[in-house]
Amino acid sequence: MSVPDYMQCAEDHQTLLVVVQPIGIVPEESFFRIYKRIAAVSQVNVRDSQRVLYIRYRHHYPPENNEWGDFQTHRKVVGLITITDCSSAKDWPQTFEKFHLQKEMYGSTLYDSRLFVFGLQGEIAEQPRTDVAFYPSYDECETVEKRIEDFIESLFIVLESKRLDRATDKSGDKIPLLCVPFEKKDFVGLDTDSRHYKKRCQGRMRKHVGDLCLQAGMLQDSLVHYHMAVELLRSVNDFLWLGAALEGLCSASVIYHYPGGTGGKVGSRRAQGGSLSAEAGNRHRPGAQEVLIDPGALTSNGINADTSAEIGRAKNCLSPEDIIDKYKEAISYYGKYKNAGVIELEACVKAVRVLAIQKRSMEASEFLQNAVYINLRQLSEEEKIQRYSILSELYERIGFHRKSAFFKRIAAMQCAAPSIPEPGWRACYKLLLETLPGYSLSLDPKDFSKGTHRGWAAVQMRLLHELVYASRRMGNPALCVRHLSFLLQTMLDFLSDQEKKDVTQSLESYTAKCPGTMEFITLPDGLKLPPVPFTKLPIVRSVKLLNLPTSLRPHKMKSLLGQNVSTKSPFIYSPIIAHSRGEERNKKIDFQWVQGDVCEVQLMVYNPMPFELRVENMGLLTTGVEFESLPAALSLPAESGLYPVTLVGVPQTTGQITVNGYHTSVFGVFSDCLLDNLPGVKTNGCTVEVIPALPRLQISTSLPRSAHTLQPSSGDEVSTNVSVQLYNGETQQLIIKLENIGTEPLEKLEVTAKTVNTKEKLYGDFLSWKLEDTLSQFPLKPGKIATFTVNIKVKLDFSCQENLLQDLSDDGISVSGLPLSSPFRQVVKPRVETKPINPQESSKVGDFSHVKVSACHQNKQIKNVLQHFIGLFHRFGECFACFVVFDAFPTRVCVLC
């Protein structure tokens, strides 16, 4: 026997083997549809008896294995069912001849056979036959199951007659010597009358009868016969058959102890009763059809009286521990024979299945290790794949997941062996996918962002490279891109610099044909591969939402004139009350964005690659409002430190907007990177309020800008500084131009003036204006310009004070307020005795004007003043006195002049 059955289990020893095969050309789909209906009748209850028969169906069985049917009867083909298409009567003789030829292949062991003919109608189909069934089509064959029941009944009758015939002690008759194929030449010329030879014949026959009893549903009788066979065969050192007897004893004991079976199909058999006499009849395969068979035609239903006294003794059934010991002994006997390698291998597989149920993993691994080193004939590539796959399955059952993955990977590599003319890359890829759990590898990148890395990274990278290669040979570049992206994303920390360059070069070559996307990839077997976003290319360490520039920030409008502003004004912004949920409150930002304005988010990133990293199409991912992301492109130097990147966009609608992440395009792979999947990212919040678009006003004046600022800005206001120099009593007009540069109309305008740091008294209005003409143009539509004029009139009251020279050294009149300031120097600090007109107002933010003057009014000090002017004239090289006009001279002529 050269072809092992890796699906063998201990309970198969009690089954009858039936082969179902097609004759001629039969559609594969139609054949397997009928085959499934036939295989459904797999269990038979014998009528008026507690015995149960089990049928094992195969659609392919090597004829050479059938030659070992005397050694173990469950290997013998006892039934043949053939299926054929025959559309015309003239093809019938040829079809029937093929049926007979098929029977001759298994003729020495067949109990009965059947031929199912589909498509033939007429006179031939109407003739009654027991071995042939005619059906008009594959859809009109309601009696297939009934035909199978009749067929199994005939098998049982033949089986029972053989059991009775060989179990009966016929004194005086010679017992034939049962042999395996390779033994026949060894027994030529032996003395058949010797006591040793007769014991050998008796022991082998007892073992054979035990097999027949087990198949006939008589578990008690089989145990007795196996024990008797073990004693006889052990006495003559018939090791091969002694191993078979021990294995049969183990199988019968396993059937008793584990009624659910050891083949891995939970619930495939119904639980047995408590006694040996009733347990066999209580087994049942759920879903299988039952057939009642009447054994009344048989004259006996037991074994000889000399052994009946031992029936039911508990000692005949091995304990769970003894079962494994006997398996080891049987396997050691099989190992003595080179031609029994298949028997030894199958016995190891059966023992492992039993040990898996007993949860004795270490002992099971010893049996499997022995099975690996059993030397069989030169196996074909298909047989090698099957062998490694079964070893993988068995290691998986005993909990050796990494060992299971190892053998499954070998099976995958065998699918693409160089000796195969047409390598099965799809089968190779499928088996490689099945090895992933054994190596603690998942194709979901989220599993690698939860914590520390699990498994051997070197082995995992090797496996991922093999998946990429298999995908390429399958002609699926999308799979190549997905697996290479996964390799780069999850194994980046374990790749050397050269490996990083090689992987990225391969990735770019594949993405040139098929760009990477964020779509799921569905495989033919239904498995879905999730997308792989590049959250490490580049690595993001912090995300910060930025406030708008000062000139664009929204503020709650305050009335400059002390009046209450209507709540319906579009300038009023009422922030939403913070939610009570702590998480939302922590993520909420205390500033606002404005609809239609460019908003910014700053990311601190760095490049972990040993070469320059080019990131294209980088933009923001948001939810809540409609948002137009403006993509950016950046180039990060090799292994750069933290590098600030600002991403911008424009909210198109109002409401709460949440920044969920960003999207990139790196090496031709498009990625959507969510902040929730980025470990260790710091953020100042993710949610910000977007308010409706506000008017934007640009102000320009007819005066030149000042280089100095009168008062520092508080950060909440926008200011500009202009300067003007005037003589006392002089008037000048300041033209202010208002331009609406936004998209919303400007509805209101308020103007106010404040004077600060003034040493002297002012007579009349220093600043005056009329807004009637200007307000008539409101609401000011976008793009429109309105102007109004501010009259500046200086009328000062000069009073005599000390330190006159210092006062006169000031730049005359310095005016700011819309705001205005001196263009020549900063304002000096006022003297201690000088107080502002309104101390409270002067300290407020947002003062709009400033007037500072200094002079002398008393005539008695004119002489001293002129002396000071002469000193200034020589100091500055020009007449400085003309900058001062005294009220004491009505002619407004300088005294010195």
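Keep in mind it's a predicted model, so treat the numbers as computed, not measured. (Residues numbered from 1 in each chain as written. Predicted model: local features only at pLDDT ≥ 70, side-chain atom pairs only at ≥ 80, totals over all residues. Heavy atoms only, no water.)

### Some thoughts on the overall build of the chain
From N to C terminus, the chain includes 24 helices and 29 strands. Nonlocal contacts in the chain, meaning residues at least 24 apart in sequence, comprise 75% of its contacts between residues at least 6 apart. Put simply, the chain shows about 44200 Å² of open surface, and 51% of that area lies on carbon and sulfur atoms. (Helix = DSSP H or I, 4+ residues; strand = E, 2+ residues; numbered from the N terminus. Contact = heavy atoms within 4.5 Å. Areas by Shrake-Rupley, 256 points an atom, 1.4 Å probe, with all protein chains shown as cover.)

### Side note on helix α11 (residues 320-334)
Across its 15 residues, α11 extends 22 Å between first and last C-alpha, which sits within 8% of the 21 Å expected from 1.5 Å per residue. Contacts made by the buried residues of α11 are with α7 (219-235), α8 (239-257), α12 (341-358) and α13 (361-372). (Expected span 1.5 Å × (residues − 1).)

### Some details on the sheet that holds strand β16 (residues 643-651)
Two strands in a sheet stick together by hydrogen bonds in their backbones, pointing the same way (parallel) or opposite ways (antiparallel). Taking strand neighbours across the sheet as the criterion, the five strands line up as β14-β16-β12-β10-β19 in an open arrangement whose pairing is mixed. Looking at the sheet topology across the chains shown, the edges are occupied by β14 (627-630) and β19 (682-683). (Pairing = 2+ DSSP bridges.)

### Side note on the sheet that holds strand β21 (residues 697-701)
A sheet is described by the order of its strands in space; here four strands give the open sequence β21-β22-β26-β25, paired in antiparallel fashion. Both outer strands of the open sheet, β21 and β25 (767-769), are each paired with one neighbouring strand and no more. Neighbour to neighbour, the strand axes of the sheet diverge by 25 degrees on average, direction disregarded. Here strand β22 (residues 731-740) runs beside strand β26 (residues 785-793); their pairing, made up of nine bridges, is antiparallel. Of the residues in β26, the one forming a bridge with Glu739 is Ile785. (Axes fitted to C-alpha atoms, helices over the stretch in contact; angles between N-to-C directions.)

### Description of the nonpolar core
The biggest cluster of nonpolar side chains holds 80 residues, and the ones touching the most others in it are Tyr429, Leu488, Leu537, Trp593, Leu603 and Phe667. Looking at this core element by element, the count peaks at eight residues for helix α17 (residues 457-474). Those residues within four positions of Leu537 in sequence are excluded, and the remaining contacts are Leu488, Leu492, Pro608, Met609, Leu613, Val666 and Phe667. (Core = buried A, V, L, I, M, F, W, Y, C linked by side-chain atoms within 4.5 Å. Buried < 20%, exposed > 50% of the residue type's maximum accessible area, 1.4 Å probe, protein only.)

### With respect to the confidence of the model for the chain
In the predicted model, the chain carries a mean pLDDT of 79, and the fraction of residues at 70 or more is 76%. The low-confidence segment residues 562-569, where pLDDT is below 50, has seven contacts with residues more than four positions distant or belonging to other chains. Taken as a whole, residues 576-586 scores under 50 in pLDDT and shows seven contacts with residues more than four places along the chain or in a different chain. (pLDDT = per-residue confidence, 0-100.)

### Side note on the packing of helix α6 (residues 195-215) against α8
Two quantities define a packed helix pair, namely the angle between the axes and the distance from one axis to the other. Orientation of α6 relative to α8, taken along the N-to-C sense of each, is 25 degrees, at an axis distance of 10 Å. The orientation of α6 relative to α8 falls into the category roughly parallel. Here α6 and α8 pass one another in a crossing that is left-handed. Contact residues: α6 offers Arg204, Lys207 and Leu214, while α8 offers Trp241, Ala244, Ala245, Ala252 and Ile255. Class assignment of the residues belonging to the contact of α6 with α8 gives a composition of six nonpolar, no polar and two charged. (Parallel < 35°, antiparallel > 145°, perpendicular 65-115°, else oblique. Left-handed = near helix turned anticlockwise from the far one by under 90°. Nonpolar A, V, L, I, M, F, W, Y, C, P; charged D, E, K, R; others polar.)

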